[in-house]
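Chains, contacts and geometry: an overview
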Amino acid sequence: MRVGLIGLGVMGYRIGANLARAGKLQLVYNRTREKADRFSAEHGVEVASTVGELVEGTDVVLTMLSDDSAVSSVIREALPVIKGKVIIDMSTISPTTSIGLADQVRRGGGNMMDAPVIGTSIHVEQKKIAVLVGGPRELFETAKDIIGATAAAVEYMGGNGMGLYAKLVNNLLLGAYVAAMGEAYWFGVRSGVKPEDVEKVLRQLSSARSPTADLKVPKIRSGDYSTQFALRHMRKDLEIVQRETQNIGMPAPMSSLALQLYRLVEQGGGGDLDFAAVAELFKPRSNTS
Ligand SMILES: NC(=O)c1ccc[n+]([C@@H]2O[C@H](COP(=O)([O-])OP(=O)(O)OC[C@H]3O[C@@H](n4cnc5c(N)ncnc54)[C@H](OP(=O)(O)O)[C@@H]3O)[C@@H](O)[C@H]2O)c1
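Values in this document were obtained by computation on a predicted structure and should not be read as measured data.

1. Side note on the overall build of the protein
When helices and strands are counted, the protein shows 12 helices and nine strands. Since a compact globule built from 289 residues should have a radius of gyration of about 19 Å, the 20 Å found for the protein is in line with a globular shape. Look at the contacts in the protein between residues 6 or more apart in sequence, and 67% of them connect residues 24 or more apart. Accessible area for the protein stands at about 13,200 Å²; split by element, carbon and sulfur atoms hold 52% of it. Each charge class in the protein was averaged separately, 33 positive and 31 negative side chains, and the resulting centres sit 3 Å apart.

Right under this line is the structure:
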C-alpha cells in the first residue's frame, strides 16, 4: 500500500516525518514546493508536482491543510483520479463541509475519512497526539495502522464528520479555557499576587489545572507567543463551532464570547501568534511581570 501526504505545514511536516521514519510514507505534495523539496531531502520521500500526480501514485492520501477552502480545493483537484483511493483528512474543517466532500469522493468511486488531531506540534514530535476518526467503519483499521505511526491514540467516532464534531468539542472548551486563563492570570497579578504564585496556582494547585495550563501559563507570563497553535486557527475553529451550533439551534455563549476575543487580537495583528496571546487583552499597558 502506497501512502501520500498533502500539506507540509507546521503539523503536516512533523506528521510526515514520523510516517517516513516508520516507513509508511512514499510521496508528498505541498502547494509551496520548497517545503516538499526540503522534506524530501531530509526524509528521502519522493515529491509529486501536482495533487493529481500524488493521488494517482498512491492508494491512501493523508491531507493536513489549513481550512475548508484549502481542503475543498485539493479535493477538487483529486476528484478526476479519485476512483479506488482513500482520502484521510487530518485538517480541522467544518464537519458539514467535510460530509459534503466525502459525498463527492464517494460518487467518484473513492472514500474519505475525517481524522482531526488533538494536540499541537510538540505533541506530534513526541507522538502524543490523539486522532479522532469519522468515516466508513471498514476503513478504520487501515487508517489506524498508518496514523498510529504518529499518534498515541487513534479513536473511531462514527460516520463521516463525527471525528470533526468530536474534535470541535475539544476546541470549544480549549478556546474558552485559554481566554479565561488569561483573564484569571492577569486578575491575580493585577491584584498583587506574585506572578510566580499565580503560575503555581494555575499549574499546580488549581482544581482546574490541566496539560494546557502547563503549556500556556508560561507563555502568558513571559509574553513569548511563539506559535504552537496559531490564533487564526483557533478563531477559525470557533467560527465553525458557531455555524454548527446555529445549525442545530443550540446557544453557545462561551465559545461565542471567546471568538470575539480572538478576533480582537487577530485584528491587532496577532493572527500568527500562539492563541494564548488572547491573554494580552487583560494585561495593563504599564505593568511588568
Ligand atoms: N498547529 C497546531 O497545533 C494544530 C493542532 C491541531 C490541529 N491543527 C489543524 O491542522 C490544520 C493544519 O494546521 P497547521 O498548523 O499545520 O497549518 P499551517 O502551518 O498553516 O499549514 C497549512 C498547510 O495547508 C497548505 N494550504 C493552505 N491553503 C492551501 C490551498 N488553498 N491549497 C493547497 N494547500 C494549501 C499550506 O501550504 P503552503 O505551505 O503552500 O502554505 C500548508 O501546507 C489546521 O486545520 C489546524 O486547525 C493544528
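2. So, the UniProt feature "domain: 3-hydroxyisobutyrate dehydrogenase-like NAD-binding" (unreviewed entry) in the protein
Those residues carrying the UniProt feature "domain: 3-hydroxyisobutyrate dehydrogenase-like NAD-binding" (unreviewed entry) are residues 161-281 in this numbering. The straight-line gap between the two end C-alpha atoms of residues 161-281 is 34 Å; of that span, 72% is helix and 0% is strand.

3. Examining helix α1 (residues 10-21)
An ideal rise of 1.5 Å per residue puts 16 Å on 12 residues; α1 measures up with 17 Å between its terminal C-alpha atoms. Among the 12 residues in α1, nine count as buried, and that is most of the element. Of all the residues in α1, the buried ones are Met11, Gly12, Tyr13, Ile15, Gly16, Ala17, Asn18, Leu19 and Ala20. In this structure, the buried side of α1 is in contact with β1 (3-6), α2 (33-43), β4 (60-63), β7 (117-118), α6 (121-125) and α7 (140-147). Backbone geometry just downstream of α1 places Gly23 in the positive-phi region, at approximately 75°.

4. Some remarks on the nonpolar core
Counting 36 residues, the largest nonpolar core has Val28, Phe39, Met90, Val131 and Ile147 as the members making the most contacts within it. Counting residues per element, the ones that place at least two in this core are β1, α1, α2, β4, β5 (86-89), β8 (129-134), α7 and β9 (151-158). Ranked by residue count, the leading element in this core is α1, at six residues. When residues no more than four places from it in sequence are discounted, the contact partners of Val131 are Met90, Ala115, Pro116, Val117, Ile147, Ala151, Ala153, Val154 and Glu155.

5. Things to note about the pairing of β4
Because side chains alternate across β4, one face comprises the buried residues Val60 and Leu62, and the other comprises Val61 and Thr63, equally buried. By the bridge criterion, four bridges tie β4 to β5 in an arrangement that is parallel. The residue of β5 that forms the bridge with Val60 is Val86. Note on the crossover from β4 through helix α4 (residues 68-78) to β5: the handedness is right-handed.

6. What about the packing of aromatic side chains?
Within this structure, the stated rule accounts for five aromatic pairs. Residues Phe140 and Tyr156 carry aromatic rings whose centres are separated by 5.4 Å and whose planes lie at 55° to one another, so their mutual orientation is tilted. Of this pair, Phe140 sits in helix α7 while Tyr156 sits in strand β9, and the two are 16 residues apart along the sequence. Of the residues examined, Phe140 reaches a relative accessible area of 5% and is grouped as buried. Ring geometry for Tyr185 against Trp186: centres 5.1 Å apart, planes inclined by 85°, an arrangement best described as edge-to-face. We note that Tyr185, like Trp186, is buried. Through a chain of ring-to-ring contacts, the aromatic side chains of Phe229, Tyr262 and Phe275 assemble into a single cluster. Positioned over the ring face of Tyr156 is Arg137, at 4.8 Å from the centre of the ring.

7. Some remarks on the domain arrangement of the protein
Taken domain by domain, the protein comprises domain 1 (3-158) and domain 2 (165-282). Summarising the inter-unit geometry, the C-alpha centres of domain 1 and domain 2 are found 28 Å apart. On the side of domain 2, 15 residues touch domain 1, which itself brings 17 residues to the contact. Between domain 1 and domain 2, the buried area comes to about 1,200 Å², and carbon and sulfur atoms account for 64% of it. Counting the contacts that link domain 1 with domain 2 gives zero salt bridges. For the pair domain 1 and domain 2, the interface holds six residue pairs in polar contact (both at pLDDT 80 or more). Secondary structure elements with two or more residues in the side of domain 1 that touches domain 2: α5 (95-107), β7 and α6. Among the elements that take part in the side of domain 1 that touches domain 2, α6 stands out by supplying three residues, more than any other. Of the residues contributing to the side of domain 1 that touches domain 2, the split by class is eight nonpolar, seven polar and two charged.

What counts and what doesn't
- Residue positions are given per chain, counting from 1 as you read along its sequence in written order.
- Local features in this predicted model are restricted to residues whose pLDDT is 70 or higher, and side-chain atom pairs enter the listing and the counts only when it is 80 or higher, whereas totals over whole chains, interfaces and linings include all residues.
- Computation of side-chain values: all heavy atoms of the structure, hydrogens and water removed.
- Helix numbering and strand numbering both begin at the N terminus, where a helix is a DSSP run of H or I of at least 4 residues and a strand a DSSP run of E of at least 2.
- Computation of the radius of gyration draws on C-alpha atoms, with the globule rule given as 2.2 Å multiplied by the number of residues to the power 0.38.
- Residue contacts are defined here by distance: any two heavy atoms, one from each residue, within 4.5 Å place the two residues in contact.
- For every accessible area listed, the method is Shrake-Rupley and the probe measures 1.4 Å; residues are considered covered only by the protein chains on display.
- Positive charges are assigned to Lys and Arg, negative charges to Asp and Glu, while His and the chain termini are left out of the count.
- Throughout, a charge is located at the NZ atom of Lys, the CZ atom of Arg, the CG atom of Asp or the CD atom of Glu.
- UniProt positions are given in the numbering used here, feature names are shortened, and annotations may be inferred rather than shown by experiment.
- Given the number of residues in a helix, its expected span is that number minus one, multiplied by 1.5 Å.
- With a 1.4 Å probe rolled over the protein chains alone, any residue whose accessible area is under 20% of its type maximum counts as buried; one over 50% counts as exposed, and the rest are partly exposed.
- Here, the term nonpolar core denotes a set of buried Ala, Val, Leu, Ile, Met, Phe, Trp, Tyr and Cys residues that are joined through side-chain atoms within 4.5 Å.
- We call two strands paired when DSSP finds no fewer than two bridges between them.
- When the strands point away from the viewer and the path from the first strand over the helix to the second turns clockwise, the crossover is right-handed.
- When the centres of two rings from Phe, Tyr and Trp lie within 6.5 Å, Trp using its six-membered ring, the rings pair. Their planes under 30 degrees apart give stacked, over 60 give edge-to-face, and anything left gives tilted.
- Throughout this description, the term charge over a ring refers to an Arg CZ or Lys NZ atom that lies within 6 Å of the ring centre and within 35 degrees of the ring normal.
- Each domain's extent is set by a domain assignment, obtained either automatically or from a database.
- What counts as buried area is the accessible surface, traced by a 1.4 Å probe, that two parts surrender upon association, with contributions from both included.
- What counts as a salt bridge is simple: a side-chain nitrogen of Lys or Arg found within 4 Å of a carboxyl oxygen of Asp or Glu.
- N or O atoms within 3.5 Å of each other form a polar contact, as long as, within protein, one can give a hydrogen and the other can take it, and as long as residues adjacent in sequence are counted only when both atoms are side-chain atoms.
- Charged means Asp, Glu, Lys or Arg here, nonpolar means Ala, Val, Leu, Ile, Met, Phe, Trp, Tyr, Cys or Pro, and polar covers whatever is left, Gly included.

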